[in-house]
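In case you want the letters, here they are:
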Amino acid sequence: MKTKLLFTAALMLIGSCFMTNAQTDTRIGGMVAYGTEIENVGIGVNAEFPVMENLTISPGFIYFLPKDESGINVNWWELNGNANYYFMNSESLGFYGIAGLNYTNVSVDFDETPFGGSSMEASDGRFGLNLGAGANFNIGSSITPFAEAKYVIIDGSQLVLAAGVKFNL
């Protein structure tokens, strides 16, 4: 009997935690970003899943547009898994800190001669850390504009500035 009562109380406690999480919207969106190391624009997608009050998990992906300089073609993309902690969440503005993990992949193609000949390819992937801040701007609809600045701490570190929109689900 005591086990059933304890189990029921635990379920009610867990259920109440999910009820408070239901007040925060799950969001998915798109963005335009700029990376200072690659010095190029990228496009990306991200999402926000509420975990606790003031805390969301935010996976994201950014593909930087290919860059071609003097026969060297650079492709750069990154995969991010961040936690966003909301320091301020008012009716018009949500300001949050960003901390998380990053995986960056860079591939380089080099064409030695313009008339064929030899060429070289190299690719490298590395894990790093993200630190930054962002803001959601509540405009009174299911679309939420946002802006973020994060620093990716990795070999070849870069500052990534991003802006876009998130859609409430």
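Throughout, residues of each chain are indexed from 1 in the direction in which the sequence is written. At least 70 in pLDDT is required for a residue's local features to be given in this predicted model, at least 80 for side-chain atom pairs to be given and counted, and no such filter applies to totals for whole chains, interfaces and linings, which use all residues. The side-chain figures draw on all heavy atoms in the structure; neither hydrogens nor water molecules are used.

**Structural notes on the side chain of asparagine 84**
Counting through the fold element by element, asparagine 84 comes out in strand S4 (residues 72-89). N or O atoms closer than or at 3.5 Å make up a polar contact, with two conditions inside protein: a donor-capable atom paired with an acceptor-capable one, and, for residues adjacent in sequence, both atoms drawn from side chains. In this structure the side chain of asparagine 84 is engaged in a polar contact, spanning 3.3 Å, whose partner is the side chain of glutamate 48. Think of it this way: any DSSP run of H or I at least four residues long counts as a helix, any run of E at least two long counts as a strand, and we number them from the N terminus.

**Concerning the side chain of asparagine 75**
Mapped onto the secondary structure, asparagine 75 falls in strand S4. Here tyrosine 63 takes part through its side chain, which lies 3.5 Å from a polar atom of the side chain of asparagine 75. Apart from the residues within four sequence positions on either side, asparagine 75 is in contact with Tyr63, Pro66, Asn105, Val106 and Ser107. Should any heavy atoms of two residues lie within 4.5 Å, those residues are counted as being in contact.

**Observations regarding the confidence of the model for the protein chain**
Averaged over every residue, the pLDDT of the protein chain is 86; residues scoring 70 or more account for 82%. One confidence number per residue, pLDDT, is output by the predictor and ranges from 0 to 100. Across residues 13-23 the pLDDT falls below 50, and counting only partners more than four positions away or on other chains, this stretch makes four contacts in the model.

**Points about the packing of aromatic side chains**
For Phe, Tyr and Trp, where Trp contributes only its six-membered ring, two rings pair if their centres lie within 6.5 Å, and the inter-plane angle classes them as stacked under 30 degrees, edge-to-face over 60, or tilted in between. The tally for this structure, following the rule as stated, stands at six aromatic pairs. Relative to tyrosine 96, the ring of tyrosine 86 has its centre 5.0 Å away and its plane inclined at 50°; by these criteria the two rings are tilted. With tyrosine 86 in strand S4 and tyrosine 96 in strand S5 (residues 93-113), the pair connects residues that are ten residues apart, well separated along the chain. Accessibility expressed as a relative area gives 0% for tyrosine 96, which makes it buried. Here tyrosine 103 and phenylalanine 127 contribute two aromatic rings whose centre-to-centre distance is 4.9 Å and whose plane-to-plane angle is 55°, an arrangement assigned as tilted. Taken together, the residues span a long stretch of sequence, with tyrosine 103 in strand S5 and phenylalanine 127 in strand S6 (residues 116-137) at a distance of 24 residues. Each residue is placed in one exposure class: buried if its accessible area under a 1.4 Å probe, protein chains only, is under 20% of its type's maximum, exposed if it is over 50%, and partly exposed if it falls in between. A relative accessible area of 69% places phenylalanine 127 in the exposed class. Taken together, the aromatic side chains of Phe61, Trp77, Tyr103 and Phe127 make up a single cluster linked through ring pairs.

**Notes on the nonpolar core**
Core analysis: the biggest nonpolar cluster contains 15 residues, and Met31, Ala33, Ile38, Ile62, Phe64, Tyr96 and Val160 have the highest contact counts within it. Broken down by secondary-structure element, the contributors of at least two residues to this core are strand S1 (27-35), strand S3 (55-69), S4, S5, strand S7 (143-153) and strand S8 (158-168). The element that contributes the greatest number of residues to this core is S4, accounting for three residues. Those residues in contact with isoleucine 62 that lie beyond four places of it in its chain are Met31, Ala33, Gly42, Ile43, Gly44, Trp76, Trp77, Glu78, Lys150 and Val160. In this description, a nonpolar core means a group of buried Ala, Val, Leu, Ile, Met, Phe, Trp, Tyr and Cys residues linked to one another through side-chain atoms lying within 4.5 Å.

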